[in-house]
Amino acid sequence: MSDCLFCKIVAGQIPANKVYEDDDVLAFHDIRPIAPVHFMIIPKLHVDSLAHCGPEHEALLGRILTLAPRLAREQGLEAGFKTGINTGRGGGQEVFHLHVHVFGHKG
């Protein structure tokens, strides 16, 4: 989507502090962190929110959720971390491109 902030990050039109990237997903640090370590994992495919996911997204969602622990460890969150998915305006979603927040404290 041409007006989507995260699609522009995926396309390289807007810079991001990347944590990880492959053909299907991109992870980058949140510009408004709520913890010492706070990054997001997004699909490169534009999906508005978790509410817009269907059976065709199962592999992609599985990829994101199984990648989260590995990236959390690599970012220093060996003791544990939190994940969050804000869905819809009522769920606090601000950017309407599915994203999974991963955050926590090192140590």
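Note that the structure is predicted; figures quoted are calculated from it, not measured.

Here we take up the overall build of the protein chain. Of the regular secondary structure elements, the protein chain holds 2 helices and 5 strands. If you list the helices and strands of the protein chain from N to C, you get α-β-β-β-α-β-β. In terms of C-alpha radius of gyration, the protein chain reaches 13 Å, essentially the compact-globule figure of 13 Å for 107 residues. Structurally, the protein chain occupies a C-alpha span of about 40 × 30 × 30 Å along its principal axes.

Looking now at the UniProt feature "active site" (unreviewed entry) in the protein chain. The positions UniProt marks with the feature "active site" (unreviewed entry) are His99. As for its placement among the helices and strands, His99 is situated in the loop between β4 (82–84) and β5 (100–104). Contact partners of His99, with chain neighbours within four places excluded, come to Phe6, Met40, Ile41, Ile42, Gly84, Ile85 and Gln93. One polar contact links the side chain of His99 to the main-chain carbonyl oxygen of His97, over a distance of 2.7 Å.

All right, on to the packing of aromatic side chains then. Counting across every chain of the model gives 1 aromatic pair. Measuring from ring centre to ring centre gives 5.4 Å for Phe6 and Phe28, while their planes differ by 80 degrees; the resulting arrangement is edge-to-face. One end of the pair, Phe6, is in helix α1 (residues 5–10); the other, Phe28, is in strand β2 (residues 25–29), with 22 residues separating them in the sequence. Accessibility expressed as a relative area gives 4% for Phe6, which makes it buried. Accessibility expressed as a relative area gives 3% for Phe28, which makes it buried.

Another point: the side chain of His97. As for its position among the elements, His97 is in the loop between β4 and β5. The class of His97 is buried, set by a relative accessible area of 0%. When near neighbours in sequence (up to four residues on either side) are disregarded, His97 contacts Cys4, Phe6, Cys7, Ile42, Pro43, Lys44, Leu45, His46, Val47 and Asp48.

Among the nonpolar cores identified, the biggest contains 16 residues, and Tyr20, Val25, Ala27, Phe39, Ile41 and Leu71 are the most heavily contacted of them. Those elements that provide at least two residues to this core are β1 (18–21), β2, β3 (37–43), α2 (58–74) and β5. Considering every element that reaches this core, the biggest residue donor is α2, with 6 residues. Beyond its immediate sequence surroundings of up to four residues, Phe39 is in contact with Val19, Ala27, Phe28, His29, Asp30, Leu71, Ala72, Gln75, Val100, His101 and Val102.

What counts and how
- Residues numbered from 1 in each chain as written.
- Predicted model: local features only at pLDDT ≥ 70, side-chain atom pairs only at ≥ 80, totals over all residues.
- Heavy atoms only, no water.
- Helix = DSSP H or I, 4+ residues; strand = E, 2+ residues; numbered from the N terminus.
- Rg over C-alpha atoms; globule rule 2.2 N^0.38 Å.
- UniProt positions renumbered as here; feature names shortened; annotations may be inferred.
- Contact = heavy atoms within 4.5 Å.
- Polar contact = N/O pair within 3.5 Å; in protein donor to acceptor, adjacent residues only side chain to side chain.
- Phe/Tyr/Trp six-rings, centres within 6.5 Å; stacked < 30°, edge-to-face > 60°.
- Buried < 20%, exposed > 50% of the residue type's maximum accessible area, 1.4 Å probe, protein only.
- Core = buried A, V, L, I, M, F, W, Y, C linked by side-chain atoms within 4.5 Å.

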